[in-house]
Amino acid sequence: KRFRISDRGRYQAIDTELEALERMGVGRAYDVETVEWALAKLKNDPDLRLGISLMANSCQIDVWWGLHSEVLKNDPALATRLYIEIPAALKTEQLQRAIALCEILKALGVKIVIADFGGKGSNLSTIYTLLPDAVKISELFTRRSQSEANWRKAQDGLVALTSAFC
């Protein structure tokens, strides 16, 4: 889940808001701003490492990623501290577009992470096609595995399965 800190200092889930942005067609603009923010933070703090979770429609080569790629190419140390999270629930056409983006980012030193594997709509082909550096298991499994043995067993199976591709 993605969170923001409210005016009162509390964490609030923003997944539904981000899904609404994506449905309205402005999710990519949000992701562009987020990546620009992350690059600026990484430039200002050489010890910082940041992970940015992209929306499905942002996982493709476009003019913005071309500009971001130039920044990363010119600062290889910055690229190695950036982690881009790709949703596990990509549709076939989105996955095809994500392949080129991930190849470019990996070549620049960016780490690729598959997010929310085991969650709604997850697709194993996202993992074996993109060969990420890491896979984040869905919060559904991590939460329920704390108290239920069958979920713990299922989570262990997901970890074993994903480790074959990372």
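Residues numbered from 1 in each chain as written. Predicted model: local features only at pLDDT ≥ 70, side-chain atom pairs only at ≥ 80, totals over all residues. Heavy atoms only, no water.

Q: I tried to follow the overall build of the protein on my own but got confused; where do I start?
A: Looking only at helices and strands, the protein has 8 helices and 6 strands in total. Counting from the amino terminus, the protein carries its helices and strands in the arrangement β-β-α-α-β-α-α-β-α-β-α-β-α-α. Evaluated residue by residue, the protein yields a buried proportion of 37% over its 166 residues. Accessible surface computed for the protein: about 9600 Å², of which carbon and sulfur atoms make up 54%. (Helix = DSSP H or I, 4+ residues; strand = E, 2+ residues; numbered from the N terminus. Buried < 20%, exposed > 50% of the residue type's maximum accessible area, 1.4 Å probe, protein only. Areas by Shrake-Rupley, 256 points an atom, 1.4 Å probe, with all protein chains shown as cover.)

Q: Sorry if this is basic, but what is going on with the sheet that holds strand S4 (residues 82–87) here?
A: Strand pairing in a sheet is mediated by backbone hydrogen bonds. Such pairs are either parallel or antiparallel. Taking strand neighbours across the sheet as the criterion, the 4 strands line up as S3-S4-S5-S6 in an open arrangement whose pairing is parallel. With one partner strand each, in any of the chains shown, strand S3 (50–53) and strand S6 (134–137) form the two edges of the open sheet. In this sheet, adjacent strand axes meet at a mean angle of 25° when their direction is disregarded. Note that S4 and strand S5 (residues 111–117) share 5 bridges and pair parallel. Residue pairing across strands places Ile86 opposite Ile114, the latter belonging to S5. The strands touched by helix H2 (residues 27–44) are S3 and S4; relative to S3, the strand with the most contacts, the crossing angle is about 175°. (Pairing = 2+ DSSP bridges. Axes fitted to C-alpha atoms, helices over the stretch in contact; angles between N-to-C directions. Contact = heavy atoms within 4.5 Å.)

Q: Can you walk me through the side chain of Ser125 in this structure?
A: Mapping Ser125 onto the fold places it in helix H6 (residues 124–130). Residue contacts for Ser125: discarding those within four places in its chain leaves Leu95 and Leu130.

Q: What should I look at first to understand helix H3 (residues 63–74) in this one?
A: Helical periodicity: at 3.6 residues per turn, an α-helix aligns residues three or four positions apart in one direction. Taking 1.5 Å of rise per residue, the 12 residues of H3 would be expected to cover 16 Å, and the 17 Å separating its terminal C-alpha atoms lies within 8% of that figure. For H3, every residue scored as buried is listed here: Trp65, His68, Ser69 and Leu72. Seen along its axis, H3 keeps its buried residues to an arc of 105°; they face one direction. Within H3, the exposed residues directed more than 90 degrees away from the buried face are Val63 and Asn74. (Expected span 1.5 Å × (residues − 1). Arc of directions from axis to C-beta.)

Q: Explain unusual backbone geometry to me, please; I cannot follow it from the model alone.
A: Where the residue is not glycine, phi is negative for most of them; where a peptide bond is considered, it is trans in most cases. Here the phi dihedral of Asp116 falls at roughly 65°; this positive angle occurs in a residue that is not glycine. Take Asp116: it is sitting in strand S5. Phi at Leu131 takes a positive value of approximately 45°, unusual for a residue other than glycine. Structurally, Leu131 is set in the loop between H6 and S6. Leu131 gets classed as partly exposed once you look at its relative accessible area, which sits at 45%.

Q: Explain the pairing of S6 here, please?
A: Both faces of the sheet carry side chains from a regular strand, because those side chains alternate between them. Because side chains alternate across S6, one face comprises the buried residues Val135 and Ile137, and the other comprises Ala134 and Lys136, none of which is buried. In this structure, S5 lies alongside S6, joined through 3 bridges in parallel fashion. Looking at the pairing, Ile114 lines up with Val135 of S6. Assessed by its sense of winding, the connection that carries the chain from S5 through H6 to S6 is right-handed. (Right-handed = clockwise from strand over helix to strand, strands pointing away.)

Q: When you look at the environment of Pro46 in this model, what are you seeing that I'm missing?
A: Tracing the chain through its elements places Pro46 in the loop between H2 and S3. Pro46 sits in the exposed class, given a relative accessible area of 60%. Pro46 sits 32 residues away from Leu78 along the chain, and the two C-alpha atoms are 7.6 Å apart.

Q: Explain the nonpolar core to me, please; I cannot follow it from the model alone.
A: It is characteristic of soluble globular proteins that their nonpolar side chains tend to be buried jointly. Counting residues in each nonpolar core, the largest one holds 35 residues, and the members touching the most others are Leu54, Leu72, Leu82, Ile84, Ile86 and Leu105. Looking at this core, the element that brings in the most residues is helix H5 (residues 92–108), giving 6 residues. Beyond its immediate chain neighbours, meaning those up to four positions away, Leu82 contacts Leu39, Leu42, Leu50, Ile52, Leu72, Val110 and Lys111. (Core = buried A, V, L, I, M, F, W, Y, C linked by side-chain atoms within 4.5 Å.)

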